[in-house]
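# Overview (structure and organization)
Chain by chain, the residues:
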Amino acid sequence: MVGKVRDTTNLVPGVVVCLLAAGVSWLVSGAIPGLSALLIAILLGALWRNLLPFPKTLNPGVDFSSVKLLRTGIILLGFQLSLSAILDLGPGVLLVVLLSVTMTFGATLWIGHLMGISLAQRLLIASGFSICGAAAVAATEDTACASKEETATALALVVFFGTLMIPLVPFLGHLLGLPEESLGMWIGGSTHEVAQVVAAGGAVGGGALAVAVTVKLARVLMLAPVIAGITVYMNRHGQARAGKRPPLVPLFVVGFVIAMLIRTAGVLPESVLAVVQVVQTLLLAAAMFALGLGVHFKTLLRVGGRPVVLGLLSTLVIMAVSLGGTGVFPPG
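Throughout, residues of each chain are indexed from 1 in the direction in which the sequence is written. Reporting in this predicted model follows two pLDDT cut-offs: at least 70 for local features of residues, and 80 or more for side-chain atom pairs to be given and counted; totals over whole chains, interfaces and linings ignore these cut-offs and use all residues. Processing note: side-chain calculations cover all non-hydrogen atoms of the structure and skip hydrogens and water entirely.

Before going further, it helps to spend a moment on the overall build of the protein chain. The helix and strand labels rest on DSSP assignments: H or I over at least four residues marks a helix, E over at least two residues marks a strand, and numbering proceeds from the N terminus. The number of helices and strands found in the protein chain is 16 helices and zero strands. Dimensions along the principal axes, computed over C-alpha positions, put the protein chain at roughly 65 × 50 × 40 Å. Think of it in three bands: with a 1.4 Å probe and only protein chains considered, a residue is buried below 20% of the maximum accessible area for its type, exposed above 50%, and partly exposed in between. Counting every position in the protein chain, which comprises 332 residues, the buried fraction comes to 51%. For the protein chain, the accessible area works out to roughly 14600 Å², and carbon and sulfur atoms hold 72% of it. Across the protein chain, the mean location of the 18 positive side-chain charges is 12 Å away from that of the 11 negative side-chain charges. Accessible areas in this description were obtained via Shrake-Rupley with a 1.4 Å probe; residue shielding takes into account the shown protein chains only. Here Asp and Glu are counted as negative and Lys and Arg as positive; His is not counted, and neither are the chain ends. Think of each charge as sitting on NZ of Lys, CZ of Arg, CG of Asp or CD of Glu.

What follows is the structure in structure tokens.
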């Protein structure tokens, strides 16, 4: 019992630092529209790791934050999803969302295989680029048996390409003459992070923003079946971590689905949901800061250009599929 208390006490400094960094990231994101608290947290963690000394006493709490706080944040993310709002998009839009996620995920795995990139790295990039950015990368890390280096690479790619899409997709949409709601659908169907979708959609207009966020949340809904599918594959092919066979459906994914069903039932008032959204953002930002502390710039430079090329191609695939689907099944 004493040992357990001591271990728990060792977690406190690292967890407190991660939560403080999450608070700072949240405040900065509120002051500067278009900046995601999650992305700010990743950058803060990476800058600290590479520019300043890092006390080893923080390691237990940082490791705890990168796993436990992350999974709790993903569970709370389910409270943002209402099945009724997503179903209201209509079967055509939902089909576009399904095709965008599955085709991008599959194409990323296939192209990455041809390029000789490891399975874990391919799974991380495929999840992040097809579903919901950094949160999907982090949620896939353990299931895919990824190394810290592979996770850091995928996170860096999500930050880089997702940020580029904030001005790029609206610019291309205007160039193509897309109506506002159709452009919103393209933004939601292709852009990596929820915050990046908000920034891009808001730059276009209120109509685009509403469609973009709803379409994006429909993509987030794919997180549960994708993680479950990866788990089944890794178990069947004997690629789970040595001595560790994860459940077919991880508990945090079950929690995510339950939270989504509670939101759909409409039993929680909007005031409670608003508080839950802030808590969820802070927990995910704390986890992203912890993951950012694992980013070593020198290590990333040694990774080479292949993951960067894969990230570019994955971005082009989801942009092409979602644009084509928007043309066939426009919203409304």
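So, next bit.
On the surface, a cluster of nonpolar side chains totalling about 500 Å² of accessible area is made up of Leu 95, Leu 98, Leu 99, Met 103, Val 328 and Phe 329. Broken down by element, the residue count for the nonpolar patch peaks at four residues, all from helix H5 (residues 91–114). With respect to the helices and strands, Leu 95 occurs in helix H5. Among the residues examined, Leu 95 registers a relative accessible area of 35% and is labelled partly exposed. Like-charged residues are merged into a patch within 9 Å and nonpolar side chains (Val, Leu, Ile, Met, Phe, Trp, Tyr) within 5 Å, provided each residue has over 30% relative accessible area and no salt bridge. Salt bridge, as applied in this entry: a Lys or Arg side-chain nitrogen positioned within 4 Å of an Asp or Glu carboxyl oxygen.

Turning our attention to the layout of surface pockets. Put plainly, a pocket is an open set of points on a 1 Å grid over the protein atoms alone with protein on both sides within 12 Å along at least five of seven lines, a cavity is a set where a 1.4 Å probe fits but cannot get out, and a lining residue has an atom within 4 Å of a point. Grid points are joined across faces, edges and corners, and a volume is the space filled by probe spheres set on the points. Roughly 490 Å³ of internal volume is contained in the largest pocket. Lining the largest pocket are 24 residues; nearest its centre among them are Ser 36, Val 194, Ala 195, Gln 277 and Thr 281. Of all elements in the fold, only helix H1 (2–31), helix H2 (37–51), helix H10 (194–204), helix H11 (206–220) and helix H14 (270–292) reach the threshold of two or more residues within the lining of the largest pocket. Here the element with the most residues in the lining of the largest pocket is H14; it accounts for five residues. Three classes are used: nonpolar for Ala, Val, Leu, Ile, Met, Phe, Trp, Tyr, Cys and Pro, charged for Asp, Glu, Lys and Arg, and polar for all others, with Gly counted as polar. The residue makeup of the lining of the largest pocket, split by class, is 16 nonpolar, seven polar and one charged.

Okay, the side chain of Thr 108 next. Its location among the elements puts Thr 108 in helix H5. Of note is the side chain of Thr 108, whose polar atom sits 2.8 Å from the side chain of Ser 314. Residue contacts follow a heavy-atom distance rule, with two residues in contact if any of their heavy atoms lie within 4.5 Å. Discounting chain neighbours no more than four positions away, the residues touching Thr 108 are Arg 122, Ile 125, Ala 126, Leu 310 and Ser 314. Distance and chemistry together define a polar contact, namely a pair of N or O atoms within 3.5 Å, with one atom able to donate a hydrogen and the other to accept it when in protein, and with adjacent residues in sequence counting only for side-chain atoms on both sides.

With that settled, the discussion passes to the environment of Trp 26. Position of Trp 26 relative to the elements: it lies in helix H1. When the C-alpha atoms of Trp 26 and Ile 40 are compared, they prove to be 8.3 Å apart, with 14 residues separating the residues in sequence. Not counting chain neighbours up to four residues away, the residues in contact with Trp 26 comprise Ala 37, Val 278, Thr 281 and Leu 282.

Our focus in this paragraph is the packing of helix H6 (residues 119–132) against helix H7 (residues 134–141). The axes are straight lines fitted to the C-alpha atoms, using for helices just the contacting stretch, and the angles between their N-to-C directions are given from 0 to 180°. H7 packs onto H6 with a crossing angle of 145° between their chain directions and a minimal axis gap of 7 Å. In terms of crossing hand, the pair formed by H6 and H7 is right-handed. Between H6 and H7, the residues in contact are Leu 123, Leu 124, Ser 127, Gly 128, Ile 131 and Cys 132 and Ala 134, Ala 135, Ala 136, Val 137, Thr 140 and Glu 141, respectively. Class assignment of the residues belonging to the contact of H6 with H7 gives a composition of eight nonpolar, three polar and one charged. Less than a right angle of anticlockwise turn of the near helix away from the far helix marks a crossing as left-handed, whereas a clockwise turn marks it as right-handed.

Turning next to the state of the cysteines. Throughout, a disulfide means two cysteine sulfur atoms within 2.5 Å of one another. Within the structure shown, the criterion is met by zero disulfides. No disulfide involves Cys 132; its sulfur sits 20 Å from the nearest other cysteine sulfur, which is in Cys 145. Residue classification places Cys 132 among the buried residues on the basis of a relative accessible area of 4%.

Counting through the fold element by element, Thr 191 comes out in the loop between helix H9 (180–190) and H10. Judged by relative accessible area, which is 0%, Thr 191 ranks as buried. Beyond its immediate stretch of four places on either side in the chain, Thr 191 contacts Gly 162, Met 165, Val 169, Gln 196, Val 197, Lys 216 and Arg 219.

Attention now moves to helix H16 (residues 306–328). Owing to its 3.6 residues per turn, the α-helix brings residues three or four apart onto one side. Between the first and last residue of a helix there are one fewer steps than residues, each counted as 1.5 Å, and that sum is the expected span. The terminal C-alpha atoms of H16, which comprises 23 residues, lie 33 Å apart, in line with the 33 Å expected from a rise of 1.5 Å per residue. Along H16, the residues that are buried comprise Pro 307, Leu 310, Gly 311, Ser 314, Thr 315, Ile 318, Met 319, Val 321, Ser 322, Gly 325 and Thr 326.

Here we come to the packing of aromatic side chains. Two aromatic rings, drawn from Phe, Tyr or Trp (for Trp, its six-membered ring), form a pair once their centres lie within 6.5 Å of each other, and the interplanar angle then sorts them: stacked below 30 degrees, edge-to-face above 60, tilted otherwise. What the rule picks out here adds up to four aromatic pairs. Where Trp 48 meets Phe 289, the ring centres are 6.0 Å apart and the plane angle is 45°; that geometry is what we call tilted. You can see Trp 48 sitting in helix H2 and its partner Phe 289 sitting in helix H14, a full 241 residues away along the chain. We call a charge positioned over a ring when the NZ of a Lys or the CZ of an Arg lies within 6 Å of the ring centre and within 35 degrees of the ring normal. Its end group placed over the ring of Phe 54, Arg 49 keeps NZ or CZ at 4.3 Å from the ring centre.

Attention now goes to the packing of H5 against H6. Where H5 contacts H6, the two axes come as close as 9 Å, and the packing angle between them is 150°. Taken together, the axis directions place H5 and H6 in an arrangement best described as roughly antiparallel. Note that H5 runs across H6; the crossing there is right-handed. Each of Val 101, Thr 104, Phe 105, Thr 108, Leu 109, Gly 112 and His 113 in H5 lies in contact with H6, whose residues at this interface are Arg 122, Leu 123, Ile 125, Ala 126, Ser 127, Ser 130 and Ile 131. Of the residues in the contact of H5 with H6, the class split is seven nonpolar, six polar and one charged. Roughly parallel means an angle under 35 degrees; roughly antiparallel means over 145; roughly perpendicular covers 65 to 115; every other angle is labelled oblique.

A few words now on the nonpolar core. Only buried residues count toward a nonpolar core, which is a set of Ala, Val, Leu, Ile, Met, Phe, Trp, Tyr and Cys residues joined through side-chain atoms within 4.5 Å. Core analysis: the largest hydrophobic core is formed by 82 residues, its most contacted members being Ile 74, Leu 123 and Met 288. The greatest single-element share of this core, amounting to eleven residues, is contributed by H14. When residues no more than four places from it in sequence are discounted, the contact partners of Met 288 are Leu 38, Ala 41, Ile 42, Leu 70, Ala 134, Ala 135, Ala 138 and Leu 155. Within the second largest apolar cluster, eleven residues are counted, among which are Met 165, Val 169, Trp 186 and Val 197.

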